[in-house]
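A look at the structure
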Amino acid sequence: MSTHSDPGVGQAGFVARHGLMTPEATVLAREVAERIRTHGLRTVRLAVVDQHGVPRAKSLSPDAAISAMSNGLDFSGAIYSLDTGNQVFVPAFARGGGFGIEEFTGFPDVILVPDPTTFVMLPWADRTGWMLCDAYFGNGQPVPLDGRGALRRQLATLASLGYDFVAGLEVEFYIVSLSGGPLSPENAGFTPPPPPVSVFERGYQYLSEVRLDSMTSTLEALRDALGAVGLLPRSMEDEWGPGQLEFSFPPLRGLAAADAAVLFRSAVKQVCRRRGLLATFMCRPSLPNFFPSGWHLHQSLAFRDSGRNAFTSSSDVLSPAGSSYVAGLLEHAVPSLMFAAPTVNGYKRYRPYSFAPDRVCWAVENRGALVRVQGSPGDTGSHVEMRSGEPAANPYLYLASNVAAGADGIARSLVPPAAVEADPYAAVAPMLPTSLSAAVKALDGDSFFRSAFGDTLIDYLVQMKRAELARYEAWLAEAGTADSADEVTEWEMREYFEFF
C-alpha cells in the first residue's frame, strides 16, 4: 500500500522493502485504512502478544496507525526481557540482550507490523480500533521469540503434509468483585498484593440456570462485546466454583484460533474491569472454595484440498491420520507440558480425580484422560481434546506445541497405545510432570521441540522460567515453607492473579 503522509512511525517503506505483506494483505490494509477514516476512529491500538501470551500495546492516532501498515511501528524490545512479575530476568545491557540474540543488544526497539486481517473496532472503547502485530528487527528479520511466528511456522509444516489445523476454544475463568479502595503507593510496586475481592456469584451448583441468570447483566455485556469483535460465544456456562465460568467458541482455523484466544481474554478482562469486576485466568486462585480452571483445546485437521475433516472414519472413532495425531500428542506430552502450563500455579491443578489429567493416556469420551476423543464412526465432527492446558497459557505456544506433536505423529505414522477403557487415574502410563521445575527440565532436554521450535526460542523460555522459579524458591525459603501441590502461595497470587 502507499505510504501515508505521516511517516512519524517506524521506517519509511519498511513493510514493502522487506516484503512483509502479501498482495492480498496489502489490499486489505487499504480497506482497513478506509474503515478507520470512514468510521471516524480517534484511536487505534496496535498490540503485540508477548512471551506470556499477554498483549502489549500502544494507542495511536488514526494517521499513525495507517502509516504503521506501511512503515511498521517502533516498539520497545524490552518486553522480551520481562518475566510474569514484570522483572527483568536477564543481565541489563548484556551483549545479545542477555539471551544470545545480537539484535537485542542495548534494549533496542523492534518493529511491529500490523496484520490487517485482525482489525476490529472495540465496542467498549470510544471510537477505537485494534490490530495484532508481528514483531521484526530493524533488519527485517522476524523476532525469533515471537510466539505468533512460531505457530505460523508449525502451521506451514502441517500444510506441507496436506492439512489445515482446526481448533475449538473452551476456556474456564473466574469473575470476582473488586472490593477494595484506592491502591496505596506502598502496594503499587513489582508484584503488588492482589486486589481485595469478594465473590461475584455463588458456586457449586454446576450448570445452574438460576446462577447463570443472576449474572445476566455481566454476561450480556460480555456476549455483546465479544460478538461485536467477531467472537460470539457458542456457549456461556456456570461452572463449578463461585463466579467460575466456561466460554466455548465455534471452530476456527490456524492462526485465527490463537488470535481469537488473545482477543477473548483481553476483551473479557477489559469489559469486566469497566464494571468494577476482575476477570482472572489464573488457574487456581488462593481463595477459599475456588476450584481450578482449565483450557480444553479441541482440535482436528482438515484436508487442504477439500476442507473435509481428516479425522472422520467410516468404521472407527478416528481415521488413521487422527490416530497418528493422537500418538504424536502422547509421545511428546511430557516435554510439551510447559507450553500448556507455563506457571507455577498451573501444576496445582493436576490432581487425581480432579477432572485434570495426571498421566499420559487417551480415551474415548473420558474427561479424566489427557487426550479425550469425541466422535464415532461416520461422525464428520470427530476431534480430539487436549485437557492439559491452563487458562493462562500462551495461545500461540500452546497451539503450536499441539500442532508440532500431532504433525510428527502423522509424518511418522505413529500408532497410539491402547485407549483407557475405565479409570484414567489408575492407568499404567507415564506420569506428567508435577511442577513447573520438572516441566522446564523435560523441555530443556527434549530434542524434538528444539528441532521444531529452534534452540533460540527453547533456550529463551527455559532461561525465563528458571529465573521465575528462582524468585519463587527464594520466596519459599524466606517464608520458611516448602512448595506444595495442595497449597497456593501468596507469591502465586501476587504473580498471576491480576496479571492473567
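Just so you know, these numbers come straight off a predicted model, no measurement behind them. (Residues numbered from 1 in each chain as written. Predicted model: local features only at pLDDT ≥ 70, side-chain atom pairs only at ≥ 80, totals over all residues. Heavy atoms only, no water.)

The subject of this paragraph is the environment of Ala12. Secondary-structure assignment places Ala12 in the segment before α1 (14-17). Taking the relative accessible area as the measure of exposure, Ala12 reaches 54% and is therefore exposed. Once the C-alpha coordinates of Ala12 and Ser323 are considered, the two residues, 311 residues apart in sequence, prove to be 50 Å apart. Not counting the four nearest positions on each side in its chain, Ala12 is found in contact with Arg17 and Asn71. (Helix = DSSP H or I, 4+ residues; strand = E, 2+ residues; numbered from the N terminus. Buried < 20%, exposed > 50% of the residue type's maximum accessible area, 1.4 Å probe, protein only. Contact = heavy atoms within 4.5 Å.)

Turning our attention to unusual backbone geometry. Even without glycine at this site, Arg127 takes up a positive phi of about 45 degrees. Looking at the element boundaries, Arg127 is found in the loop between β5 (120-122) and β6 (128-136). Of the residues examined, Arg127 reaches a relative accessible area of 41% and is grouped as partly exposed. Within the chain, Phe355 stands out as a residue other than glycine whose phi angle is a positive 70 degrees. Within the secondary structure layout, Phe355 lies in the loop between α9 (333-340) and β14 (362-364).

With that out of the way, let us pick up the state of the cysteines. Any covalent bond linking the sulfur atoms of two cysteines counts as a disulfide. Under the defined criterion, the tally for this structure stands at zero disulfides. Left without a disulfide partner, Cys283 is nearest to the cysteine sulfur of Cys272, which lies 18 Å away. Relative accessible area serves as the criterion here: at 0%, Cys283 is assigned to the buried category. (Disulfide = S-S within 2.5 Å.)

Attention now goes to the nonpolar core. Residues Tyr80 and Phe264 are the most contacted members of the largest nonpolar core, which totals 156 residues. It is helix α7 (residues 255-274) that provides the largest number of residues to this core, a total of 12 residues. With sequence-adjacent residues up to four places away left out, Tyr80 is seen in contact with Val48, Gln51, Phe89, Phe99, Phe104, Ala135, Val143, Leu145 and Tyr460. Counting five residues, the second-largest nonpolar core is a separate cluster that includes Cys361, Ala363, Val420 and Ala427. (Core = buried A, V, L, I, M, F, W, Y, C linked by side-chain atoms within 4.5 Å.)

The subject of this paragraph is helix α14 (residues 490-497). One turn of the α-helix equals 3.6 residues, which is why residues spaced by three or four share an orientation. Most of α14 is tucked away: six of the eight residues are buried. Of all the residues in α14, the buried ones are Trp491, Glu492, Met493, Glu495, Tyr496 and Phe497. The inward-facing, buried residues of α14 abut β7 (163-178), β8 (197-199), β12 (277-280) and α13 (455-479).

Moving on, we get to a nonpolar patch on the surface. A surface patch of nonpolar side chains, amounting to about 400 Å² of accessible area, comprises Tyr204, Tyr206, Leu207 and Trp240. You can see Tyr206 is positioned in the loop between β8 and α5 (209-214). (Patch = residues over 30% accessible without salt bridge, like charges linked within 9 Å, V, L, I, M, F, W, Y side chains within 5 Å. Areas by Shrake-Rupley, 256 points an atom, 1.4 Å probe, with all protein chains shown as cover. Salt bridge = Lys/Arg side-chain N within 4 Å of Asp/Glu carboxyl O.)

What follows deals with the packing of helix α2 (residues 23-38) against helix α3 (residues 62-71). Where α2 contacts α3, the axes come no closer than 10 Å and their chain directions differ by 180 degrees. In this view, α2 runs roughly antiparallel relative to α3, as classed from their interaxial angle. Contact with α2, carried on its side by Ala29, Val32, Ala33, Ile36 and Arg37, involves Pro62, Ile66 and Met69 of α3 and no other residues of that element. Residue composition of the contact of α2 with α3, by class: seven nonpolar, no polar and one charged. (Axes fitted to C-alpha atoms, helices over the stretch in contact; angles between N-to-C directions. Parallel < 35°, antiparallel > 145°, perpendicular 65-115°, else oblique. Nonpolar A, V, L, I, M, F, W, Y, C, P; charged D, E, K, R; others polar.)

Once that is clear, we can look at the packing of aromatic side chains. Counting across every chain of the model gives 28 aromatic pairs. On the basis of an interplanar angle of 75 degrees and a centroid distance of 5.6 Å, the ring pair of Tyr204 and Trp240 is categorised as edge-to-face. With a gap of 36 residues between them, Tyr204 in the loop between β8 and α5 and Trp240 in the loop between β9 (235-238) and β10 (244-248) connect regions that are remote in the sequence. For Tyr204, a relative accessible area of 36% gives the class partly exposed. Residue Trp240 is classed as partly exposed on the basis of its relative accessible area, which comes to 35%. (Phe/Tyr/Trp six-rings, centres within 6.5 Å; stacked < 30°, edge-to-face > 60°.)

This next bit is on the pattern of salt bridges. The final tally for this structure, using the stated rule, is 26 salt bridges. Here Asp50 makes a salt bridge to Arg56, at a shortest N to O gap of 2.9 Å. As far as the burial class goes, Asp50 and Arg56 line up, both buried. A salt bridge links Glu468 to Lys465, with the nearest nitrogen and oxygen atoms 3.2 Å apart. A residue pair is termed a helical-turn pair when its members lie 3 or 4 positions apart in one helix, as Glu468 and Lys465 do in helix α13 at three residues. For the pair shown, Glu468 and Lys465 are each scored as buried.

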